[in-house]
Amino acid sequence: MYRCWSVGALLVLAAPAAPAAIAQENEGKTDSVSVQDTVVVTSARDRALASGRLADTIEQTEVIDFKDLVSTQSVVLSEALAQTPGARVNNECSMCGVKRIMLNGLGGQHTTLLVDGMPAHTLVSGFYGPDALGMAGVERVEVARGAGASLTAPEAIGGTVNIVTQDPTRTGARLNGAFGENGYGQGDAVATLVNSSGTARGLFAFQYDTRDQYDGDGNGVSENPFVENYNYSGRVSVDPTSRSTLTLRAAYIDSEIFGGPVIGDVVGSISEALAGFDDVPSDHLFIGDDVRNRYIGKPWETTEWIATTRHELGGKYFQELTDTLNFEAGASWSKHEQDSFYEGFDYRADNEMLFLTARVNWALNDSHLITLGVDRRDEDMRSHSDAADGDPAYISDSFNYLTQALFAQDTWTPTDKLEVSAAVRIDDIEADFIDPARPGTEIDETLISPRLDMRYKHSDRWTSRFSVGQGYRAPLSFFESDHGILDAGLGFQIDVDELERSVSATYALSYLGDRLSWTGSLAWTRVDNLAALDETDAGVPLLTQRDESGEVYGATFDLGYALTDTLNISLTAEAFHQDTVMRSIFGVAPVEERLILGADWDPGNWDITASYTLIGPRDLTDYGYEAWNDLALTIPKSTDADAYGTLDARAEYKVRDGLAIYAGGRNLLDYTQVEDEDTPLFYGADGGYDVAYIYGPLRGRELYAGLRLEF
């Protein structure tokens, strides 16, 4: 039972894969590859970025570039973000495997996903998206923390994750495939085409990935679901003139998740589990009514199945009007469809979003860059449940959501050392639950949201960054009920009529040396009108809002050191503290303290990376944990989450130009909550069965091997 741990002691442990320690000092830069048929491509928009005439943020930004994605075997977004400072991917359900991306210690609902700088993900898609979004065709992932981190995403109270797709520089193709334990399989193909002048560029990417269920204690109920994803994406960029660039993107995602009864043990197939639903509960779910024993209930009683499809379309047009004035317009459309079954409760959702934006950037003089713009986000969601149809206690979470905004920004550079960006948005917001039981428009407000970013270069090596901003969010999603969706017999109620409002401040100090680089940062966020799950006097789950404000404090330290020309080591340490109000909104206890040790060694044709992650102990009672292993409520589950560590490693060998083989593994120490601590299954005080007593890893060791071919 470890209650403290020493950084000094950990430094003697070999380890981890280093995220870029000072990635924000290299914003916008990407690795270049020397290829004979490479075409030097510099679009009008690229030149504007390089000259500073298109910059819209100067805040601290962590960048996960293509090399990082490869060296960490990041197949989907949740894996790409696993070791990013200030970011945490929380697994919030052992059956459906829902993942939430937490930034600066806030909830996953406070993170906004962007694609090429524009909102492309809806309020619903963020729940299963992190495990479905493939990284094939992605150039880098940018993580900006803090409210108002993007001019076009003020609802990002915690921050934004921006997925930047690749703009090809050569004609070629890349094939990659890997197989491993526990049904791990992954394959992708990326084809690129660039014309002789470099004015037209195209990309097509396909990715398939899958993993089997994981049942660490062998009781017939999985702690991690089966996942299968298909990703297709295409992008075309054209420079009609030397002063203009047009970019179009399309994507399609098909994902299936199945958790609960183990296929091949308790049930023969997914279709068999779903077809077996008879709405007649078993007298007993487990031998001895103890969740640690063999499952004897009907397969459907612990089945969680989610099938989703996503269609995405996006485009941007950039035009240089003069040497000091340019114009940019963009559009993004997505349609997210979900068909799901949660232990007897069916739920279907159709969520569609259209985002439009336009802005003008004007270099007023050598020290002022003015940005003026407008945007509009129109989103609607329609949901239905046969199980709840006709239940007077059930209120549908179908909604209409519309925001229209004006924004302005002045980026002021009075000296070579100081840069100040002051921005303000005026948003008109309407949010309406359209169920007949919720007459009227719940939210109809006009808000002013300011933001200030400052960067000061003390010297060539030392840089300070300070940001303060306000943001908002409309709490509209049914899934924020934290498994209230499973109480089909009780119904569901909604009592939301206010926007969540936030203010946040961050400070970061960076040092960039010849071999040593580091960044230390502090963050604080306060959120009013927090959405949370309560219940009515009759015990019906109720999505409501807190009267008190919630606060989060955080500190991160990220260090990288080049021991030799081929060996780099890194260290990331972070701690976040939520007050009691903020803790009350979490369904699963977040990580409070984390230390990551990393190493990247590139001798000759080898590229070897390793990472060791240590998670600090937690008192689960701080997050309302109270449960039992048995239905009689005589065997309480532990409320002490001990410290634990996980080790990942990967080695790649370059056989020849364009051909590489690799092998590696995740969680090499094979630590899991169910095998080393306790099962995530439990009985609550009311005798109800649930699946989210989670505080540790739920998937064991996973070895893999593969090859990559480029030509």
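Analysis parameters
Residues numbered from 1 in each chain as written. Predicted model: local features only at pLDDT ≥ 70, side-chain atom pairs only at ≥ 80, totals over all residues. Heavy atoms only, no water. Helix = DSSP H or I, 4+ residues; strand = E, 2+ residues; numbered from the N terminus. Contact = heavy atoms within 4.5 Å. Areas by Shrake-Rupley, 256 points an atom, 1.4 Å probe, with all protein chains shown as cover. Salt bridge = Lys/Arg side-chain N within 4 Å of Asp/Glu carboxyl O. Buried < 20%, exposed > 50% of the residue type's maximum accessible area, 1.4 Å probe, protein only. Pairing = 2+ DSSP bridges. Patch = residues over 30% accessible without salt bridge, like charges linked within 9 Å, V, L, I, M, F, W, Y side chains within 5 Å. Phe/Tyr/Trp six-rings, centres within 6.5 Å; stacked < 30°, edge-to-face > 60°. Core = buried A, V, L, I, M, F, W, Y, C linked by side-chain atoms within 4.5 Å. Disulfide = S-S within 2.5 Å. Polar contact = N/O pair within 3.5 Å; in protein donor to acceptor, adjacent residues only side chain to side chain. pLDDT = per-residue confidence, 0-100.

## A short note on the overall build of the chain
Here comes step 1: Summing up its helical and strand segments, the chain has 7 helices and 36 strands in all.
Here comes step 2: A separation of at least 24 residues holds for 70% of the contacts in the chain among residues at least 6 apart in sequence.
Here comes step 3: Put simply, the chain shows about 27300 Å² of open surface, and 56% of that area lies on carbon and sulfur atoms.

## Considering the pattern of salt bridges
Here comes step 1: Going through the model one piece at a time under the given rule, you end up with 44 salt bridges.
Here comes step 2: Across the salt bridge formed by arginine 666 and glutamate 79, the nearest N and O atoms sit 3.4 Å from each other. Residue arginine 666 is found in strand S33 (residues 659–666), and its partner glutamate 79 is found in helix H4 (residues 77–80); the two are separated by 587 residues along the sequence.
Here comes step 3: For arginine 515, the salt bridge identified is with aspartate 565, shortest N-O distance 3.7 Å. Residue arginine 515 is found in the loop between strand S22 (500–512) and strand S23 (516–528), and its partner aspartate 565 is found in the loop between strand S26 (550–562) and strand S27 (567–578); the two are separated by 50 residues along the sequence.

## Comments concerning unusual backbone geometry
Here comes step 1: Positive phi outside glycine occurs at aspartate 289, with the angle close to 50°.
Here comes step 2: Within the secondary structure layout, aspartate 289 lies in the loop between helix H5 (270–275) and strand S13 (304–320).
Here comes step 3: At glutamate 343, a position not held by glycine, the phi torsion is positive, near 50°.
Here comes step 4: With respect to the helices, strands and loops of the structure, glutamate 343 is situated in the loop between strand S14 (325–342) and strand S15 (345–365).
Here comes step 5: Accessibility expressed as a relative area gives 15% for glutamate 343, which makes it buried.

## Observations regarding the sheet that holds strand S6 (residues 138–145)
Here comes step 1: A sheet is described by the order of its strands in space; here 5 strands give the open sequence S1-S6-S7-S4-S5, paired in mixed fashion. At either end of the open sheet lies a strand with only one pairing partner, and these are strand S1 (61–65) and strand S5 (118–119).
Here comes step 2: Pairing between S6 and strand S7 (residues 159–165): 7 bridges, direction antiparallel. Bridge pairing in S7 places valine 141 opposite isoleucine 163.

## Side note on a nonpolar patch on the surface
Here comes step 1: Where nonpolar side chains cluster on the molecular surface, the patch consists of Val374, Leu406, Val424, Ile426 and Ile448 and spans about 410 Å² of accessible area.
Here comes step 2: Mapped onto the elements of the fold, valine 374 is located in strand S16 (residues 368–384).

## With respect to the packing of aromatic side chains
Here comes step 1: Following the criterion strictly, the structure yields 19 aromatic pairs and no others.
Here comes step 2: An angle of 50° between the planes, with centres 4.9 Å apart, marks the rings of tyrosine 208 and tyrosine 230 as tilted. Placement of the pair is tyrosine 208 in strand S10 (residues 200–211) and tyrosine 230 in strand S11 (residues 226–238), with a sequence separation of 22 residues.
Here comes step 3: Plain terms: the ring middles of phenylalanine 345 and tyrosine 394 are 6.2 Å apart, the flat faces sit at 55° to each other, and that makes the pair tilted.

## Considering the nonpolar core
Here comes step 1: Of all hydrophobic cores here, the largest spans 43 residues; its most connected members are Tyr128, Phe286, Tyr401, Leu681 and Tyr689.
Here comes step 2: Broken down by secondary-structure element, the contributors of at least two residues to this core are S15, strand S17 (399–412), strand S18 (418–433) and strand S19 (443–457).
Here comes step 3: Core analysis: the next-biggest nonpolar cluster, separate from the first, contains 25 residues, Met102, Ile157, Ala532 and Ile694 among them.

## Some thoughts on the environment of cysteine 93
Here comes step 1: You can see cysteine 93 is positioned in the loop between strand S2 (87–91) and strand S3 (99–103).
Here comes step 2: Spatially, the C-alpha atoms of cysteine 93 and proline 680 are 8.7 Å apart, while their sequence positions differ by 587 residues.

## Describing the state of the cysteines
Here comes step 1: Summed over all chains, the structure comprises 0 disulfides.
Here comes step 2: Counting only cysteine sulfurs, cysteine 96 is the nearest neighbor of cysteine 93, a cysteine outside any disulfide, at a range of 3.3 Å.

## Some points on the sheet that holds strand S24 (residues 531–535)
Here comes step 1: Taken together, the 3 strands give an open sheet; going across it, the order is S21-S25-S24, and neighbouring strands pair in mixed fashion. Of all the strands in the sheet, the pair left with one neighbour each is strand S21 (493–494) and S24.
Here comes step 2: Pairing analysis gives 5 bridges linking S24 to strand S25 (residues 541–545), with the strands arranged antiparallel. Directly across from glutamate 535, in S25, lies its bridge partner proline 541.

## A closer look at the pairing of S10
Here comes step 1: Bridge analysis of strand S9 (residues 185–194) against S10 gives 10 bridges, and the strand direction is antiparallel. Looking at the pairing, alanine 189 lines up with phenylalanine 206 of S10.
Here comes step 2: Hairpin connection from S9 to S10: 5 residues lie between these consecutive antiparallel strands, with glycine 198 at a positive phi of about 80°.

## Looking at the side chain of glutamine 338
Here comes step 1: Among the structural elements, glutamine 338 can be located in strand S14.
Here comes step 2: Only 3.1 Å separates the side chain of glutamine 338 from the side chain of serine 340, close enough to count as a polar contact.
Here comes step 3: Here tyrosine 342 takes part through its side chain, which lies 3.3 Å from a polar atom of the side chain of glutamine 338.

## Observations regarding the pairing of strand S32 (residues 644–656)
Here comes step 1: Where strand S29 (residues 606–615) meets S32, 10 bridges bridge the pair, whose relative direction is antiparallel. From the neighbouring strand, tryptophan 606 faces S32, where its bridge partner is tyrosine 653.
Here comes step 2: Here 7 bridges tie S32 to S33, and the two strands are oriented antiparallel to one another. Bridge pairing links tyrosine 653 to isoleucine 661 in S33.
Here comes step 3: The antiparallel hairpin formed by S32 and S33 contains 2 residues in its connecting segment, where glycine 658 sits at a positive phi of about 90°.

## Quick notes on the confidence of the model for the chain
Here comes step 1: For the chain, the average pLDDT comes to 88, and 90% of its residues sit at 70 or higher.
Here comes step 2: Within the model, pLDDT remains below 50 along residues 1–41, and this stretch shows 111 contacts once partners closer than five positions in the same chain are excluded.
Here comes step 3: Counted against residues more than four places away or in other chains, residues 49–57, with its pLDDT under 50, gives 25 contacts.

## Quick word on the environment of glycine 645
Here comes step 1: Topologically, glycine 645 is positioned in strand S32.
Here comes step 2: Glycine 645 gets classed as buried once you look at its relative accessible area, which sits at 11%.
Here comes step 3: C-alpha of glycine 645 to C-alpha of asparagine 667: the two residues are 22 residues apart in sequence and 8.7 Å apart in space.
Here comes step 4: Look past the residues within four positions of glycine 645 in its chain and what remains in contact with it is Tyr612, Thr613, Leu614, Leu669 and Tyr671.

## A look at the environment of threonine 245
Here comes step 1: Locating threonine 245 in the fold gives a position in strand S12 (residues 244–259).
Here comes step 2: On the accessibility criterion, threonine 245 (6% relative accessible area) is buried.
Here comes step 3: Spatially, the C-alpha atoms of threonine 245 and phenylalanine 318 are 5.1 Å apart, while their sequence positions differ by 73 residues.
Here comes step 4: At 3.0 Å, the side chain of threonine 245 forms a polar contact with the side chain of aspartate 239.

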